[in-house]
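This is what each chain is made of:
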Amino acid sequence: MNIILFGPPGAGKGTQAKILEKEYGFKQLSTGDMLRAEVSGQTELGKKMKVIMDQGNLVPDEIVIEMIRTYVESDDCEKGAIFDGFPRTVAQADALSSMLKECGKAIECVIELQVEDDALVGRIEKRAEEEGRDDDTVDAFKVRLGLYRDYSADVLPYYKAKGLHSLLDGDQSVEDVSKALRLLVS
Ligand code: B4P
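Given the structure is predicted, the values throughout are model-derived calculations rather than measurements. (Residues numbered from 1 in each chain as written. Predicted model: local features only at pLDDT ≥ 70, side-chain atom pairs only at ≥ 80, totals over all residues. Heavy atoms only, no water.)

### Observations regarding the sheet that holds strand β4 (residues 109-114)
Inclusion rule: Pairing between strands is defined by DSSP: at least two bridges between the two strands are required. Where helices and strands are cited, they refer to DSSP runs of H or I of at least four residues and of E of at least two residues respectively, numbered from the N terminus. Angles shown run from 0 to 180 degrees and are taken between the N-to-C directions of axes, each axis being a line fitted to C-alpha atoms and, for helices, limited to the stretch in contact. Note on contacts: a residue pair is in contact if any heavy atoms of the two residues lie within 4.5 Å.
A sheet is described by the order of its strands in space; here five strands give the open sequence β2-β3-β1-β4-β5, paired in parallel fashion. The sheet terminates laterally at β2 (27-30) and β5 (165-169), the two strands that pair on one side only. Sheet twist, expressed as the mean angle between neighbouring strand axes with direction ignored, is 25 degrees. Sheet analysis places β2 next to strand β3 (residues 81-84), joined by four bridges and oriented parallel. By the bridge assignment for β3, Lys27 is matched with Ala81. Across the sheet, helix α7 (residues 138-160) lies against β1 (2-6), β4 and β5, angled at about 150 degrees from β1, the strand it touches most. The sheet contacts of helix α8 (residues 174-185) involve β1, β4 and β5, and relative to β5 the element is tilted by about 160 degrees.

If you want it as structure tokens, here you go:
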């Protein structure tokens, strides 16, 4: 099964994708993790992307599209994939649709995790203390949330029009969100 987990920063996309990967064997494809690996590896790409990410901005479409392409075409995604944080623009959504089609696959389910802004702020503050991620600052979070409002207004209707969208209350415990997710993907 090929699933998209969609939601604002801190909604729990990464948290839930890891659980789904373990339980169902679908491959978690997190563009955020891929970009952070470039940054920590101090590659040329990573050095350029760090500035954009630390400010909370989106990196250019062509970069994340090419990153995802490598994985979509690999055997790791034989059982399916969980797209975590991708697509974030209609251009990314179109590219994903085309690359899946070339492999005889398609997105089957787009799950939007909905969480109140106050709860998101609390989670990001907690993660900032625990992990010290450079983009978990108050200023970067405001930019990320503002951008989310903008791009979700484009991307969600794209999938709603295809009848693929489901809404899930992400403002519950990790276990309760997982239970609800299982019902959607089983
Ligand atoms: P991401 O890595 O996707 O960052 P995120 O939105 O913060 O992650 P997520 O929602 O997965 O949060 P998590 O589960 O960790 O992107 C980072 C940056 O990369 C972007 O700002 C952008 O610059 C760039 N980027 C990535 N993809 C891109 C794309 N496609 N196009 C352009 N740019 C792109 O949860 C957050 C915290 O909450 C965790 O600490 C977790 O423990 C906690 N939590 C989770 N679920 C919880 C729950 N139910 N209750 C309480 N706490 C919970």
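### Some words on the pattern of salt bridges
For the record, the criterion: A side-chain nitrogen of Lys or Arg and a carboxyl oxygen of Asp or Glu constitute a salt bridge if their distance falls within 4 Å. Using a 1.4 Å probe on the protein chains alone, a residue whose accessible area is under 20% of its type maximum counts as buried, one over 50% counts as exposed, and one in between counts as partly exposed.
Within the structure shown, the criterion is met by 13 salt bridges. Glu66 is the salt-bridge partner of Arg69, the closest N and O atoms lying 3.1 Å from each other. With Arg69 and Glu66 both in helix α4 (residues 61-72) and three residues apart, the pair spans about one turn of that helix. The exposure class assigned to Glu66 is partly exposed, which follows from its relative accessible area of 44%. Note that Arg149 and Asp117 form a salt bridge whose closest N and O atoms lie 2.4 Å from each other. Linking Arg149 in helix α7 with Asp117 in helix α6 (residues 117-131), this pair joins segments that are 32 residues apart in sequence.

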